[in-house]
Amino acid sequence: MTIYARIMGTGSYLPGDPVSNHDLVARGIETSDEWIVERTGISARHYAPEGVFSSDLALEASKRALEASNCKVEDIDLIIVATSTPDMVFPSTAALLQNKLGMKNGAPALDVQAVCSGFVYALTLADKFIRSGSNKRVLVVGAEVFSRVVDWNDRTTCVLFGDGAGAVVLEASTEPGILATAIHADGSYSEILNAPGQVAGGQVCGSPFVKMDGQAVFKFAVKVLSEVAGEALASAGVKQEEIDWLVPHQANVRIIQSTARKLGLDMDKVILTVGQHGNTSGASIPLALDVGVRSGRIQRGQNILLEGVGGGFTWGAVLLRF
Ligand code: UT7
């Protein structure tokens, strides 16, 4: 009998009020609503207030996912958090989240560092833990405070990112859930998107801010996203026309449109949140998934394709039956 990892429930959380493009102009950033909307599709994003960390956003998203799953914290036997903006160098944000959730059952907790592909990587790992029979209920979270690692003097990056978290509870089930996963990395592209600083000797060495060659990233993203989507579909034996919803990483509406076109999907089959959330890196896919579910668009039994690309470079796709 095949054991699948099936999503029992989803949750998400955005901190504070939306910050519009006009608000950024008012804060002195040399940009315009017109430029940001035209080049990226972003109109607003959210920023975590001072003292609020990735684990705090993860906590709120996790509580909602647990509630939607009718699952108690003690029933969770593994926590995986995708984040590139952890609370601390260590412990992991997943361990901090476990404590904030009040979990005392000794379940393992670990972070995944794959930047904007982090949630796809984390789901892939969770799927393998469940299929191997070692775990029954896994909390998978994407949580980020990218506002803390952008250089507010670099208009080419600071207008793009936002903060937030999304979570799912996966359960071992005989009903179909995750049908196929495909993940990849190519570290030779680390120069086109990185945050190169490190902590050593009590000091931050090098720049701790996001640095990106936007056009190089754009081209790479469009190429690998359609390749990896095809790989996941082929491995599950699912045809493009059988996809009910595409839930992509939300970095730029033009990248999303191009991927959808290559998959033969109309934009009305795409969950699009980049306009309101900006790029929340590892949190963007679970945030969009939760928006799709709670708005009633994503329904049980549908085929959902998740895909992401980010620093590393890393990229991947998860095809699942919801
Ligand atoms: O999540 C990880 C993956 N990340 C991505 O997928 C991001 C991929 N890249 C992109 O989304 C796009 O490349 C950007 C949105 C980052 C940039 O869009 P672009 O169409 O590639 O613009 P560009 O970098 O070629 O810049 C065009 C112009 C430049 O001016 P000149 O040299 O033509 O006079 C920039 O200085 O736009 C200028 N510019 C801005 N103007 C107003 C750059 N940033 C801004 C800004 N406001 N915020």
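Residues numbered from 1 in each chain as written. Predicted model: local features only at pLDDT ≥ 70, side-chain atom pairs only at ≥ 80, totals over all residues. Heavy atoms only, no water.

**A short note on the confidence of the model for the chain**
Inference 1: For the chain, per-residue confidence averages 97 on the pLDDT scale, and residues scoring 70 or more make up 100% of the total.
Inference 2: Strand β4 (residues 78-82) holds the highest mean pLDDT among the elements of the chain, 99, whereas strand β10 (residues 198-200) holds the lowest, 91. (pLDDT = per-residue confidence, 0-100. Helix = DSSP H or I, 4+ residues; strand = E, 2+ residues; numbered from the N terminus.)

**Observations regarding the domain arrangement of the chain**
Inference 1: Annotation of the chain at the domain level lists domain 1 (4-175) and domain 2 (179-321).
Inference 2: Each side of the interface is counted separately: domain 1 has 51 residues, and domain 2 has 45 residues.
Inference 3: Carbon and sulfur atoms supply 62% of the area that domain 1 and domain 2 bury against each other, a total of about 3700 Å² over both sides.
Inference 4: Between the two partners, domain 1 and domain 2, sit zero salt bridges.
Inference 5: Our enumeration of links across domain 1 and domain 2 arrives at 21 residue pairs in polar contact (both at pLDDT 80 or more).
Inference 6: Listing elements by their share of the side of domain 1 that touches domain 2, those giving two or more residues are β1 (4-13), α2 (33-40), β3 (44-45), α3 (54-69), α5 (118-131), β6 (137-145) and β7 (163-173).
Inference 7: Across the side of domain 1 that touches domain 2, the residue classes break down as 25 nonpolar, 14 polar and 12 charged. (Domains from an automatic or database assignment. Contact = heavy atoms within 4.5 Å. Buried area = accessible area lost by both parts, 1.4 Å probe. Salt bridge = Lys/Arg side-chain N within 4 Å of Asp/Glu carboxyl O. Polar contact = N/O pair within 3.5 Å; in protein donor to acceptor, adjacent residues only side chain to side chain. Nonpolar A, V, L, I, M, F, W, Y, C, P; charged D, E, K, R; others polar.)

**What about a nonpolar patch on the surface?**
Inference 1: Together, Val-89, Phe-90, Val-199 and Val-204 make up an exposed nonpolar region whose accessible area comes to about 480 Å².
Inference 2: Within the fold, Phe-90 resides in the loop between β4 and α4 (93-100). (Patch = residues over 30% accessible without salt bridge, like charges linked within 9 Å, V, L, I, M, F, W, Y side chains within 5 Å. Areas by Shrake-Rupley, 256 points an atom, 1.4 Å probe, with all protein chains shown as cover.)

**Quick notes on helix α10 (residues 284-294)**
Inference 1: The buried count for α10 comes to eight of 11 residues, which makes it a mostly enclosed element.
Inference 2: Those residues of α10 not exposed but buried are Ser-284, Ile-285, Pro-286, Leu-287, Ala-288, Leu-289, Asp-290 and Gly-292.
Inference 3: Positive phi appears at Gly-296, one or two residues downstream of α10, with a value of about 85°. (Buried < 20%, exposed > 50% of the residue type's maximum accessible area, 1.4 Å probe, protein only.)

**Remarks on the side chain of Ser-284**
Inference 1: Residue placement: Ser-284 occurs in helix α10.
Inference 2: Since its relative accessible area comes to 2%, Ser-284 is described here as buried.
Inference 3: Only 2.7 Å separates the side chain of Ser-284 from the side chain of His-249, close enough to count as a polar contact.
Inference 4: Excluding its chain neighbours within four sequence positions, the residues that come into contact with Ser-284 are Pro-248, His-249 and Gln-250.

**Quick notes on the sheet that holds strand β13 (residues 245-248)**
Strand pairing in a sheet relies on backbone hydrogen bonds, with the paired strands running either antiparallel or parallel.
Inference 1: The four strands lie next to each other as β8-β15-β14-β13, forming an open sheet whose pairing is mixed. Every interior strand has two partners, whereas the edge strands, β8 (178-185) and β13, have only one. Strand-to-strand twist of the sheet, defined as the mean angle between neighbouring strand axes without regard to direction, takes the value 10°.
Inference 2: Set on the sheet, helix α7 (residues 214-236) makes contact with β8, β14 (303-310) and β15 (314-321); between it and β15 the angle comes to about 35°. (Pairing = 2+ DSSP bridges. Axes fitted to C-alpha atoms, helices over the stretch in contact; angles between N-to-C directions.)

**Concerning unusual backbone geometry**
For residues besides glycine, phi is generally negative; the peptide bonds are generally trans as well.
Inference 1: Following Phe-90, the chain continues into Pro-91 via a peptide bond in cis, with omega recorded as 0°.
Inference 2: Position of Pro-91 relative to the elements: it lies in the loop between β4 and α4.
Inference 3: The omega torsion across Gly-312 and Phe-313 is -5°, close enough to zero to call that bond cis.
Inference 4: With respect to the element layout, Phe-313 can be found in the loop between β14 and β15.
Inference 5: Positioned with a positive phi, Asn-70 is a non-glycine residue whose angle comes to about 55°.
Inference 6: Along the chain, Asn-70 falls in the loop between α3 and β4.
Inference 7: Looking at Asn-70, the relative accessible area reads 74%, which means it is exposed.
Inference 8: Despite not being glycine, Val-115 shows a phi value in the positive range, around 50°.
Inference 9: Here Val-115 shows up in the loop between β5 (109-112) and α5.

**Things to note about the sheet that holds β7**
Inference 1: Taking strand neighbours across the sheet as the criterion, the five strands line up as β1-β7-β6-β4-β5 in an open arrangement whose pairing is mixed. Every interior strand has two partners, whereas the edge strands, β1 and β5, have only one. For this sheet, the mean angle separating the axes of adjacent strands, direction not counted, is 20°.
Inference 2: Judged from the nine bridges that link them, β6 and β7 form a sheet pairing that is antiparallel. By the bridge assignment, Val-140 is partnered in β7 with Val-168.
Inference 3: With respect to the sheet, α3 is in contact with β1, β6 and β7, its orientation differing from that of β1 by roughly 125°.
Inference 4: Sitting on the sheet, α5 touches β1, β4, β5, β6 and β7, and the angle it makes with β6 is about 170°.

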